[in-house]
Amino acid sequence: MNSLSQRGDRKSFDVVVIGSGLAGLTFCLTLIARRPHTRIALVSKQALSDSNSYWAQGGIAAAAGVDDSVQQHLVDTLAAGDGLVSPLAAKAILSQSLSYIAFLQQQGVVFDQNDQSLPDLAKEGGHSKRRIFHAGDHTGRAMIDALIPHIQQQSNIYLFESHMAVKLLRQKDRPSEDISGVYVLDTKSGLIDTFLCNVVVLATGGAGKTYRYTTNPDIATGDGVAMAYRAGVPISNMEFYQFHPTLLYQRNYPNFLISEAIRGEGAYLRLPETGERFMRRYAPKQMELATRDIVARAIFTETEHSNDQYVYLDITHKSKAFLKQHFPTINDTLMRLGIDMSQDMIPVVPAAHYMCGGVLTDISGRTQANRLYAIGEVACTGLHGANRLASNSLLEAGVMATNAAEDCLVWLDQPLSHEQMSAGWDSGGVTDLRRASQINAHWRGLRGEMTSYAGIVRTEAGLKDLHQLILLRQQMVEEYYWQHVVTQDLLELRNIILVAELIVRSALQRCESRGGHYREDYPNKADNTKRTLLRQAPR
Ligand code: SIN
């Protein structure tokens, strides 16, 4: 029995891809190029371009400089990941970086070049070399805008915008219970369709909306992790939520990132009252270009111990012309808000940015369930360890998608028979008792609690209190789910609460401080280089 929403259509495809960011789009194009007759459903919660990837500013890392190498990129990745990076996975992904950049260029992505027509490689925190390919400060937008027209030209890619995946389906007549489809809510009609297929690909991105401040768009609600966990698939390293040090602090202005590339070009972090460059006290060598965990924690500590809500990012020592040329999007946005960054300092706060953990996979996105792949931010390959190195995420998304498109052929060659599958979503009598205001209240409450108790600094007492609060909310929201019409906001809330619970449980298990996970009661690193793993029996 499912909750009270009307059953829609039953549709069959070879592959269902959930999510239209860089990973989802790359997967579709690579698979279609490899096997043109494959029928792919591409499911996107809003419009195709509404993804986390679209918002990416900085760029995509690849060792292309004459003084650089995959080995050096690996050394930096291992250092940022603070003992938890899987060297094999990392080496394999980083080795594919230049071939993925070439793929993007073939699709029409234009990266910035210098006066010698060579890639204009930028620098970001934790990188010992300049190695960030970028398109101004809107690299994500440039990539997605280039890929979408190719997707739209393909008659075998069926687009389902304004559709949200609800639940993964398993083939009960097989001992291995392969994943064989997904229930999908048409958010416009409110009907729940049954999509049957031979392979499901989760490319749903992260879950920044778990926290009060985030650099992510509203769609980042951890849907893939939540669905995979409910289906009994192992989830790993959820305690390592990465906070980006510099979200613009502005009342009533949503989630605007100030790219790390600005610190790469020499910006300082200063205290509002004294103007002190406080990073001197936290990372005297690397200063503002220390890894994100160190910089975010320094800002948190400074604001906790003062009355300030934010710190300043200061790039006033660069000319207006330089800033306009290198950071056009940031410059325009700030100018609209009355901040001229060549003269004014920018108020910033740390914000939830990237889920380093996720569905446990290999570098081809294989999960532990047959026919289920997870690619990009939703996945945990071991590349990021305890703290992701800047601009390794778009790279991982693209490389995994490329690998998954090849790997899944083995399942496409063994199609499932869907005759045994249930008739579809089991709808009861529909009574629309939607509780929008309660849903909002839960959401606001949860995000505040997560920020206070499971944010940049954690303690056992706080995490335990928070766990109780989450379980209470979870119980209420499960009741809404089973008793009321399923809507996108209810599904997202249900997912985010589960993701929050996984973060808190993982954080409680890790009694040490490492990378993005800082426990005030265990401030040092212990000898714990094991992954955190959570798994439940399928529901
Ligand atoms: C940024 O531009 O600061 C974000 C890049 C990243 O998250 O890797």
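Before reading further, recall that the structure is shown in the block above.
The present account deals with the structure reproduced in this document. Here the structure is a predicted model, which means the values were calculated and not measured.

This part takes up the overall build of the protein chain. What the protein chain contains, in helices and strands, is 15 helices and 19 strands. Scaling as 2.2 N^0.38, a compact globule of 539 residues should have a C-alpha radius of gyration of about 24 Å, and the protein chain matches this with 22 Å. The proportion of buried residues among the 539 residues of the protein chain is 62%. Across the protein chain, contacts joining residues at least 24 apart in sequence account for 76% of those joining residues at least 6 apart. In the structure as shown, the protein chain presents an accessible area of about 20300 Å², 48% of it carried by carbon and sulfur atoms. Here the protein chain carries 54 positive and 56 negative side-chain charges, and the mean point of each set is 2 Å from the other.

Right, let's get into helix H13 (residues 436-453). Working note: α-helix, 3.6 residues per turn, so residues spaced by three or four point in the same direction. Compared with the 26 Å implied by 1.5 Å per residue over 18 residues, the 26 Å span of H13 between its first and last C-alpha is a close match. Considered for burial, the residues of H13 that qualify are Ile439, His442, Trp443, Leu446, Arg447, Gly448, Glu449 and Met450. Those residues of H13 that are buried lie in contact with helix H14 (460-483) and helix H15 (488-509).

Right, let's get into the sheet that holds strand E11 (residues 235-236). Taken in spatial order, the 4 strands of this open sheet run E18-E16-E11-E19, and their pairing is mixed. This sheet does not close on itself; its edge strands, each paired only once, are strand E18 (379-380) and strand E19 (533-534). With 2 bridges connecting them, E11 and strand E16 (residues 358-360) associate as antiparallel partners. Bridge pairing in E16 places Ile235 opposite Val359. Most of the contacts of helix H6 (residues 223-230) go to E16, to which it runs at about 45 degrees, and overall it touches E11, E16 and E19.

We now examine the packing of aromatic side chains. Under the defined criterion, the tally for this structure stands at 12 aromatic pairs. On the numbers, 5.6 Å between centres and 20 degrees between planes, the contact of Tyr100 with Phe103 is stacked. In this pair, Tyr100 and Phe103 are both assigned in helix H4 (residues 97-106), 3 residues apart and thus about one turn of the helix distant. Counting every residue linked through ring pairs, the aromatic cluster contains Phe13, Tyr158, Phe160 and Phe195. When the ring centre of Tyr354 is taken as origin, the NZ or CZ atom of Arg388, which lies over that ring, is 4.2 Å away. The ring of Tyr481 carries Arg494 above its face, with NZ or CZ at 3.6 Å from the centroid.

In this structure, Phe27, Ile60 and Met450 are the most contacted members of the largest nonpolar core, which totals 115 residues. With 11 residues, the top contributor of residues to this core is H15. In this structure, Met450 is in contact with Thr210, Tyr211, Gly455, Leu466, Ile470, Ala500, Ile503 and Val504, ignoring residues within four places of it in sequence. One finds Ile262, Phe322, Ile330 and Met341 within the second-largest nonpolar core, a separate group that totals 27 residues.

Further remarks concern the site of the ligand. Around the ligand lies a shell formed by Gln57, Gly58, Glu124, His244, Leu257, Ser259, Glu260, Arg292, His353, Arg388, Ala390 and Ser391. One nitrogen or oxygen atom from the side chain of Arg388 is found 2.8 Å from an oxygen atom belonging to the ligand. Relative to its unbound accessible area of 260 Å², the ligand is 94% covered by the protein chains. Looking at side-chain class alone, the shell around the ligand contains 2 nonpolar, 6 polar and 4 charged residues.

The geometry of H13 relative to H15 is characterised by a closest axis approach of 10 Å and an angle of 20 degrees between their N-to-C directions. Taken together, the axis directions place H13 and H15 in an arrangement best described as roughly parallel. Once H13 is placed against H15, the crossing between them reads as left-handed. Judged by residue contacts, Ile439, His442, Trp443, Leu446 and Met450 of H13 engage Asp489, Leu490, Glu492, Leu493, Ile496, Ile497, Ala500, Ile503 and Val504 from H15. Of the residues contributing to the contact of H13 with H15, the split by class is 11 nonpolar, 1 polar and 2 charged.

Along the chain, Asp186 turns up in strand E8 (residues 179-186). Remark: the alpha-carbon pair of Asp186 and Met164, spanning 22 residues in sequence, is separated by 6.6 Å. Apart from residues no more than four positions distant in its own chain, Asp186 is found in contact with Ser162, His163 and Leu191. Polar contacts involving the side chain of Asp186 include one to the main-chain amide nitrogen of Ser189, which spans 3.2 Å.

Turning to the side chain of Thr204, a few remarks are in order. Residue placement: Thr204 occurs in the loop between strand E10 (199-202) and H6. A polar atom in the side chain of Thr204 sits 3.2 Å from the backbone nitrogen of Gly224. Those residues in contact with Thr204 that lie beyond four places of it in its chain are Ile18, Asp223, Gly224 and Val378.

The terminal C-alpha atoms of helix H5 (residues 139-153), which comprises 15 residues, lie 23 Å apart, in line with the 21 Å expected from a rise of 1.5 Å per residue. Buried residues of H5: Thr139, Gly140, Met143, Ile144, Ala146, Leu147, Ile148 and Ile151, and no others.

On to the sheet that holds strand E9 (residues 192-196), then. Pairing in this open sheet of 4 strands is mixed, and the strands run E1-E9-E8-E7 from one edge to the other. Two strands bound the open sheet, and with one partner strand each, they are strand E1 (7-12) and strand E7 (163-170). Averaged over all adjacent pairs, the angle separating strand axes in this sheet is 25 degrees, with direction ignored. Two strands pair when backbone bridges link them, and E7 and E8 are joined in this way by 7 bridges, in the antiparallel orientation.

To continue, consider unusual backbone geometry. Positive phi outside glycine occurs at Ser117, with the angle close to 60 degrees. Checked against the element boundaries, Ser117 lands in the loop between H4 and strand E5 (132-133). A relative accessible area of 48% means that Ser117 is categorised as partly exposed.

Here the focus is the packing of helix H1 (residues 22-34) against H5. Two numbers describe a pair of packed helices, the interaxial angle and the distance between the axes. Here H1 crosses H5 at 35 degrees, and the two axes come no closer than 10 Å. Pair H1 / H5 crosses with left-handed handedness. In this structure, H1 contributes Leu22, Leu25, Thr26, Cys28 and Leu29 to the contact, and H5 contributes Met143, Ile144, Leu147, Ile148, His150 and Ile151. Looking at side-chain class alone, the contact of H1 with H5 contains 9 nonpolar, 2 polar and no charged residues.

The rules we used
- Residues numbered from 1 in each chain as written.
- Predicted model: local features only at pLDDT ≥ 70, side-chain atom pairs only at ≥ 80, totals over all residues.
- Heavy atoms only, no water.
- Helix = DSSP H or I, 4+ residues; strand = E, 2+ residues; numbered from the N terminus.
- Rg over C-alpha atoms; globule rule 2.2 N^0.38 Å.
- Buried < 20%, exposed > 50% of the residue type's maximum accessible area, 1.4 Å probe, protein only.
- Contact = heavy atoms within 4.5 Å.
- Areas by Shrake-Rupley, 256 points an atom, 1.4 Å probe, with all protein chains shown as cover.
- Lys, Arg positive; Asp, Glu negative; His and termini not counted.
- Charge placed at Lys NZ, Arg CZ, Asp CG, Glu CD.
- Expected span 1.5 Å × (residues − 1).
- Pairing = 2+ DSSP bridges.
- Axes fitted to C-alpha atoms, helices over the stretch in contact; angles between N-to-C directions.
- Phe/Tyr/Trp six-rings, centres within 6.5 Å; stacked < 30°, edge-to-face > 60°.
- Lys NZ or Arg CZ within 6 Å of the ring centre and 35° of its normal.
- Core = buried A, V, L, I, M, F, W, Y, C linked by side-chain atoms within 4.5 Å.
- Near = heavy atom within 4 Å.
- Polar contact = N/O pair within 3.5 Å; in protein donor to acceptor, adjacent residues only side chain to side chain.
- Nonpolar A, V, L, I, M, F, W, Y, C, P; charged D, E, K, R; others polar.
- Parallel < 35°, antiparallel > 145°, perpendicular 65-115°, else oblique.
- Left-handed = near helix turned anticlockwise from the far one by under 90°.

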